Each structure stands twice: as structure tokens, then as C-alpha cells.
Amino acid sequence: MGVIDLRSDTVTLPSPEMRRFIHEAELGDDVYGEDPTINRLQARAAEMLGKEAALYVPSGTMGNVVAHLAWCQAGDEVICGQAAHTLNAEAANAARVAGTQLRTVPQEGASLDLAAIERTIRPDDPHYPRTTLIWVEQPSNGWVMPLEELTAISQLARARAIPVHMDGARIFNAATALGVPAAEIARHVDSVMFCVSKGLAAPVGSLLVGPGDFIGRAIRGRKMVGGSMRQAGVIAAGGLYALDHMVERLTEDHENARRLADGLRAQPGVAIDREDVQTNIFFIRLSPPAPDARTVSARLREHGLLCGAAKDGSPIIRLVTHYGIEREDIDRALEMFGEALRGERAADAPPTPTPEVTEIEVPPSPAPVGV
Ligand code: TLP
């Protein structure tokens, strides 16, 4: 039996059908705009998100930094939530590459404090940096921002003539959870970055979508950071296949996440609120009699289950369901959790437990997770 990898949906592998589609992809030099597969992917992405144009980039991180470059000048200020991936997990590329300054507002789950955003927008004064972008993340660490909140942020931004960028790495998970097309989310913002390499199971890549002039500037930004590729249709084909075949099945991942959360809640020392399981990513909080998160994570690894444990030592574990994880895997995962929580070691575990643990950042949650 294989390892059950619940560290992230970034571990997904292409299906046999996706591999065949990749194999047959038509290719050309994309720097000349001549890769037919990339052109099809970009057109499809723009259409699905209801935007004018799109640009294929190698990663979500690159898509986000190119958004900074395309919307802002060095020295400009970008308002984002305190849990934003652009702030916490992209090696400070906003500061170092785009020269933008990030200013945070309080965040709970995916929700940003609207009044704080309003207060944080700088007045036009030569002392201050210019606020040139508002940044939202949807979903954020598995939580989904309700559309009314997004509408309010968008109205405020439009009234102040500030564009809004969405880190929508998993926007199709948010759309699935909200029961709306992704374009219904994207219409509230000016640009979106989304990934085909996560739950959609393509091997590589992300898309930046937005107005034509923004994408024009983004092409220059992508060139600047070395992201212009040549016959990249060979990887983009996976993304094109994913947009047509992998979106609807995300409901399965969400169902599996709920099944896992329900099963875990029944185990002693595990807390998780039902309303905190909104997409395919969720966090559990451990308390006695359960051992600490690193110990549980290390024991689970011996049993053949991988997950993320809080790097700050807090009793939090992150779990992510995705393509390749079936209902039976969830049931096996629950058995493994039961054994790990009771302190049982796997029958075939090595004499010393493997110390290697995948570490995760703990996000601010609506209530302390699961309490
Ligand atoms: N997130 C990864 C890790 O970096 C933590 C994960 O496993 O969740 N925005 C969001 C909201 C993301 O979650 C990620 C990846 C990115 C951007 C960056 O995408 P990549 O990894 O393609 O650069």
C-alpha cells in the first residue's frame, strides 16, 4: 500500500489521460507568441475567469511577484492580510524583486478587516508611500472569503481607484465551495493568479489573468524574472487539460476533507470545527491525551501518512486532500491517526523514529483552531 500524502495538493500527479494529452501537444516558441498550446491555455483561462487576457507563468510565486511588478512601482505600498502567502511564503520577493512594501491588516480565516483596509490606504502626501494595490487571497489556508466581503473590498478599492489583485492559487476550490463559477469571484477584482499545479493536478504552472494592458506589463515582468519560456506548451498542456477535466472533481476533495475532519473529531485530543472545513485544506488542534504535533506527525510518517506540523511548536497539524486521495485512503488515514494518537508505532517502523517532519506556518483562524 502506498504512502498517503496529505502535506499539500502540490504533490498531485498527472492522470494517464493528461499525460497522453501532454504527449500530443502542439509546440512553438512562446517568446514569439507562437506556442499554440500556451495560446489556447491563456485564452481558456481568460475566458473561464471572465478577464481580457492571461499569461502562463511557471509558478504561483512567479505569478504573484509579476503582479506586484505589473501594478506597482518600487516604493509603492500593497495592503494585504497578515496570513497572505505573498507576505509569508515567497521569500520576500515583493520587497526584494518588485520593491513594494507590504502593509498588513488583521485577518481571520480568509476575511480581512474592511475598516482596517480603509484606514490603511495612504492619503496623497509626499511623506507617504503610495497605496497602489489591495491584495486578497481566495481561498486562504482553506478558508473562503464570502462574496459579500469581497464585494465590499472591491467597492472600497474602486471608490479609491486602487486595483485589487487576488492570489487565487486555488480559486476553483473557492468557486466549488461557494457554488459559483470562478468568474463570479474574479469579477470583483482586477487581476487573479491561479495555479493549475495544485488540486487541478497539472505538473507545472500558474496563470495570471486581468485586463489587456496589465497582461502587457506582466509579460515584461515575467521576462525580467526569467520566466519567459520557449516550447513550454509541453508543460502548459497539462494545465489546458486540467481546466477542462479536473475542475468538477474538486467536490470529491472537499467531501474527503469533511469525512477526514469528522472522523478525526471523534478521536480523543483532536479539535476541529465543522465550519472550518470549507475546501480541501484544514487544520486540527491537538490537546492531551494526544501527543504534540511533531510527535504525531513523525509517528504518522512511520505508518505511511504525511502531513504538516506547525513549525512554531503549536499543537497544529495541516491536512490537504487532493486528486489521488480516495475515500478508502481517508479511512486508512483515520486508522493511522488512531494508532499514532494512542502512541502505537507502526509494526514495521525503523528502530528510531524518522525525525523528518514537514513544517507549516500556522494561520490566524476565526476562533483558535477547533476550539
Ligand atoms: N502554497 C504551498 C506552499 O508554499 C505552502 C502549499 O503547499 O500550500 N499562493 C498560495 C495561496 C499558495 O498556497 C501557494 C503555494 C502559492 C501562492 C505559491 O505557489 P507555487 O508553489 O506554485 O509557487
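What you are looking at is a predicted structure, and each value in this text was computed from that prediction instead of being measured.

Here we look at the overall build of the protein chain
Part 1 of the argument: Per the secondary structure count, the protein chain includes 14 helices and 16 strands.
Part 2 of the argument: Taken against the 2.2 N^0.38 rule, which gives 21 Å for 371 residues, the C-alpha radius of gyration of the protein chain at 21 Å falls within 12% of a compact globule.
Part 3 of the argument: Dimensions of the protein chain along its principal axes, counting C-alpha atoms only, are 60 × 50 × 35 Å.
Part 4 of the argument: Evaluated residue by residue, the protein chain yields a buried proportion of 57% over its 371 residues.
Part 5 of the argument: The contacts of the protein chain with a sequence gap of at least 6 include a subset with a gap of at least 24, amounting to 76%.
Part 6 of the argument: Total accessible area on the protein chain stands at roughly 15700 Å², and carbon and sulfur atoms take up 51% of it.
Part 7 of the argument: Where the 36 positive side-chain charges of the protein chain centre and where its 49 negative ones centre are 3 Å apart.

What to know about the side chain of Ser297
Part 1 of the argument: Relative to the assigned elements, Ser297 resides in helix α13 (residues 293-303).
Part 2 of the argument: The class for Ser297 is buried, based on a relative accessible area of 4%.
Part 3 of the argument: With near-sequence residues (within four places) excluded, Ser297 lies in contact with Cys307, Ala309, Ile317 and Val357.

Considerations on the domain arrangement of the protein chain
Part 1 of the argument: By the assigned domains, the protein chain splits into domain 1 (13-245) and domain 2 (249-360).
Part 2 of the argument: For domain 1 versus domain 2, the distance between C-alpha centres works out to 30 Å.
Part 3 of the argument: Domain 1 puts 15 residues into the contact, and the matching count from domain 2 is eleven residues.
Part 4 of the argument: On the surface where domain 1 and domain 2 come into contact, there are zero salt bridges.
Part 5 of the argument: Here domain 1 and domain 2 share four residue pairs in polar contact (both at pLDDT 80 or more) between them.
Part 6 of the argument: By residue class, the composition of the side of domain 1 that touches domain 2 is eight nonpolar, six polar and one charged.

A closer look at the pattern of salt bridges
Here the idea is simple: oppositely charged side chains can pair when their charged atoms come close.
Part 1 of the argument: Applying the stated rule across the entire model yields 19 salt bridges.
Part 2 of the argument: The partner of Arg217 in a salt bridge is Asp213, and the shortest N-O contact between them spans 4.0 Å. Of this pair, Arg217 and Asp213 both sit in helix α10 (residues 212-224), four residues apart, roughly one helical turn.
Part 3 of the argument: The exposure class of Arg217 is partly exposed, given its relative accessible area of 35%.
Part 4 of the argument: Exposure remark for Asp213: the relative accessible area of 53% places this residue in the exposed category.
Part 5 of the argument: Each of Arg44, Glu47 and Asp244 takes part in one network of salt bridges that share partners.

Structural notes on the packing of aromatic side chains
Each aromatic ring pair is summarised here by two numbers: the centre-to-centre distance and the angle between the ring planes.
Part 1 of the argument: In this structure the tally under the stated criterion is four aromatic pairs.
Part 2 of the argument: Seen from their ring centres, Trp71 and Phe214 are 4.6 Å apart, and the 20 degrees between their planes marks the pair as stacked. Placement of Trp71 in helix α3 (residues 60-71) and of Phe214 in helix α10 is noted, with a sequence separation of 143 residues between them. For the pair Trp71 and Phe214, one class covers both residues: buried.
Part 3 of the argument: Seen in terms of ring centroids, Phe172 and Phe194 are 5.4 Å apart; in terms of plane orientation they differ by 85 degrees. Their pairing is edge-to-face. On the criterion of sequence distance, the pair formed by Phe172 in helix α8 (residues 171-178) and Phe194 in strand β9 (residues 191-195) is long-range, its members being 22 residues apart.
Part 4 of the argument: Here Phe172 falls in the buried class, since its relative accessible area comes to 5%.

Structural notes on the nonpolar core
Part 1 of the argument: Formed by 64 residues in total, the largest nonpolar core has its most connected members in Leu49, Val136, Phe172, Val192, Phe194, Leu200 and Leu243.
Part 2 of the argument: Discounting chain neighbours no more than four positions away, the residues touching Leu243 are Leu41, Arg44, Ala45, Met48, Phe172, Phe194, Val196 and Leu200.
Part 3 of the argument: Membership of the second largest hydrophobic core comes to 31 residues, among which are Ala257, Leu260, Ala340 and Val357.

Thresholds applied
Residues numbered from 1 in each chain as written. Predicted model: local features only at pLDDT ≥ 70, side-chain atom pairs only at ≥ 80, totals over all residues. Heavy atoms only, no water. Helix = DSSP H or I, 4+ residues; strand = E, 2+ residues; numbered from the N terminus. Rg over C-alpha atoms; globule rule 2.2 N^0.38 Å. Buried < 20%, exposed > 50% of the residue type's maximum accessible area, 1.4 Å probe, protein only. Contact = heavy atoms within 4.5 Å. Areas by Shrake-Rupley, 256 points an atom, 1.4 Å probe, with all protein chains shown as cover. Lys, Arg positive; Asp, Glu negative; His and termini not counted. Charge placed at Lys NZ, Arg CZ, Asp CG, Glu CD. Domains from an automatic or database assignment. Salt bridge = Lys/Arg side-chain N within 4 Å of Asp/Glu carboxyl O. Polar contact = N/O pair within 3.5 Å; in protein donor to acceptor, adjacent residues only side chain to side chain. Nonpolar A, V, L, I, M, F, W, Y, C, P; charged D, E, K, R; others polar. Phe/Tyr/Trp six-rings, centres within 6.5 Å; stacked < 30°, edge-to-face > 60°. Core = buried A, V, L, I, M, F, W, Y, C linked by side-chain atoms within 4.5 Å.

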